[in-house]
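Spelled out, the chains give:
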Amino acid sequence: PEAKPPAAASAHAAKLLEAGAEPRQLLRLHPQPGDKQTVSLEMKIALDLRIGQTPSQAMKMPAIRMSMDTTVKSVSPEGDILYDVVMGNANVAEEADANPQIAQVLKSAFSGFKGLAGSGATSDRGFTKGIEMKMPAGSDPQLRQVVDQMSESFARLSVPLPEEPVGPGARWEVRMPVKSGDMTIDQTATCQLISLEANRVTVKDTVEQQASNQKIHNPAMPGLIVDLKKMSGKATGDAAFD
């Protein structure tokens, strides 16, 4: 029987704000079964942390580099893309000015990363329909949390596309809830089509995130519950893809 995609990771909606200039065309992904791709990601993060009345503490974290190999298994008549994933190397960079305690924690967390496998599904418009990693029995809770968050991040690297035909200058808005560990975040992304040449698309996007009052549990620290009051974030990015 034909494989079914994993359960949907989140609800999502896209709203076209401006259709853009003529000529316009439908934007869809068209992979073929057997297509392979390696995704490489480097994250550089800095934290400025304040707890209670304690003074603000700036912490620099070392860069984290990781990769994921994907292979397309099948494409349904409706355009749903099923794929297998295998995690590659995950390295924590050696940086003299990074916090050594944090570096050691990160190295420990990523030590079992390579070789982990799973499967996922996405629509031909780039909306993730779920990704599920197969964790070995007895896996460290911290590794499980890291893998869940990283696979969610990889799954959301694609730019969600509008349903309607669009041309250069088009703008659309995508709303979706995002799970980050035990926290639920409301995310709104506003995308603008910068150029459309043959099958090459360039998009600029602005992402805003908000999280309201909620309780957060950390599986690596089961006795600790964090009361989140509020969270907000904003990012901009550029993407070019076929």
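Look up a bit, the structure's there.
Throughout what follows, the structure given in this document is the object of discussion. (Residues numbered from 1 in each chain as written. Predicted model: local features only at pLDDT ≥ 70, side-chain atom pairs only at ≥ 80, totals over all residues. Heavy atoms only, no water.)

1. Details of the overall build of the protein
Of the regular secondary structure elements, the protein holds 2 helices and 14 strands. Counting every position in the protein, which comprises 242 residues, the buried fraction comes to 37%. In the protein, the proportion of contacts linking residues at least 24 apart, taken out of those at least 6 apart, comes to 63%. Per element, the accessible surface of the protein, about 14400 Å² overall, is 52% carbon and sulfur. (Helix = DSSP H or I, 4+ residues; strand = E, 2+ residues; numbered from the N terminus. Buried < 20%, exposed > 50% of the residue type's maximum accessible area, 1.4 Å probe, protein only. Contact = heavy atoms within 4.5 Å. Areas by Shrake-Rupley, 256 points an atom, 1.4 Å probe, with all protein chains shown as cover.)

2. Examining the layout of surface pockets
Reported here for the second largest pocket is a volume of approximately 870 Å³. What lines the second largest pocket is a set of 27 residues, among which Leu29, Gln37, Val39, Thr70 and Ser158 lie closest to the centre. At the level of elements, strand S2 (36-43), strand S5 (64-75), strand S6 (81-92), helix H2 (141-155) and strand S14 (231-241) are the ones that each hand at least two residues to the lining of the second largest pocket. Broken down by element, the lining of the second largest pocket gets its largest block of residues, 6 residues, from S2. A class-by-class count of the residues in the lining of the second largest pocket yields 14 nonpolar, 10 polar and 3 charged. (1 Å grid on protein atoms, 1.4 Å probe; cavity = no way out; pocket = protein on both sides within 12 Å on 5 of 7 lines; lining within 4 Å. Points joined across faces, edges and corners; volume = space filled by probe spheres on them. Nonpolar A, V, L, I, M, F, W, Y, C, P; charged D, E, K, R; others polar.)

3. A closer look at the nonpolar core
Of all hydrophobic cores here, the largest spans 25 residues; its most connected members are Met66, Phe110 and Phe113. At the level of secondary structure, the elements contributing two or more residues to this core comprise S2, S5, S6, helix H1 (100-109), strand S8 (128-134) and H2. At 5 residues, the largest contribution of residues to this core is made by S6. Excluding residues that lie within four positions of it along the chain, phenylalanine 110 makes contacts with Ile64, Met66, Ala90, Val92, Val146 and Met150. With 21 residues, the next largest nonpolar core counts Leu161, Val178, Val201 and Phe241 among its residues. (Core = buried A, V, L, I, M, F, W, Y, C linked by side-chain atoms within 4.5 Å.)

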